Amino acid sequence: MLGLGIIGWVIIGGLAGWVASMIMKTNAQQGILLNIVVGIVGGLIGGFILRLFGVDVEGGGLIFSFVTCLAGACLLIWLVGLVRGRTKV
């Protein structure tokens, strides 16, 4: 992810996880640590999905990486809600 290292992952992941939790209306249930984890895992999910479609994830830039993390985090929160029975298809 852009060669930013662990600190870059935590910052971008935390911001993306926080914004995703506000979009998905789960912000009150999550703390800062869970937002960071959701954002980082969401980035991995988003990057994996984009690579399946042949998108160059490494060369995307900072904004592209944030949007990828955000989309993946929203997908992750939606899937967790679906498994828990709180979200409908």
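In this report, we go over the structure that sits alongside the text. Keep in mind it's a predicted model, so treat the numbers as computed, not measured.

The subject of this paragraph is the overall build of the protein chain. Helix and strand counts for the protein chain come out as three helices and zero strands. Counting from the amino terminus, helix and strand elements in the protein chain follow one another as α-α-α. Taken against the 2.2 N^0.38 rule, which gives 12 Å for 89 residues, the C-alpha radius of gyration of the protein chain at 13 Å falls within 12% of a compact globule. Overall, the protein chain is about 35 × 30 × 15 Å in size when its C-alpha atoms are taken along their principal axes. Burial statistics for the protein chain: of 89 residues in total, 33% are counted as buried.

Turning to the nonpolar core, a few remarks are in order. Counting ten residues, the largest nonpolar core consists of I12, A16, A20, V38, C69, L70, A73, C74, L76 and I77. At the level of secondary structure, the elements contributing two or more residues to this core comprise α1 (5-23) and α3 (62-84). Broken down by element, this core gets its largest block of residues, six residues, from α3. Apart from the residues lying within four places of it in its own chain, the contact partners of I77 are A20, S21, M24, T26, Q30 and V38.

With respect to the helices, strands and loops of the structure, N27 is situated in the loop between α1 and α2 (32-52). Counting along the chain gives 23 residues from N27 to L50, while the straight-line C-alpha distance between them is 26 Å. Apart from the residues within four sequence positions on either side, N27 is in contact with W18, S21, M22 and N35. A polar atom in the side chain of N27 sits 3.2 Å from the side chain of S21.

Rules behind the numbers
Residues numbered from 1 in each chain as written. Predicted model: local features only at pLDDT ≥ 70, side-chain atom pairs only at ≥ 80, totals over all residues. Heavy atoms only, no water. Helix = DSSP H or I, 4+ residues; strand = E, 2+ residues; numbered from the N terminus. Rg over C-alpha atoms; globule rule 2.2 N^0.38 Å. Buried < 20%, exposed > 50% of the residue type's maximum accessible area, 1.4 Å probe, protein only. Core = buried A, V, L, I, M, F, W, Y, C linked by side-chain atoms within 4.5 Å. Contact = heavy atoms within 4.5 Å. Polar contact = N/O pair within 3.5 Å; in protein donor to acceptor, adjacent residues only side chain to side chain.

None of this, on its own, says anything about what the molecule does.
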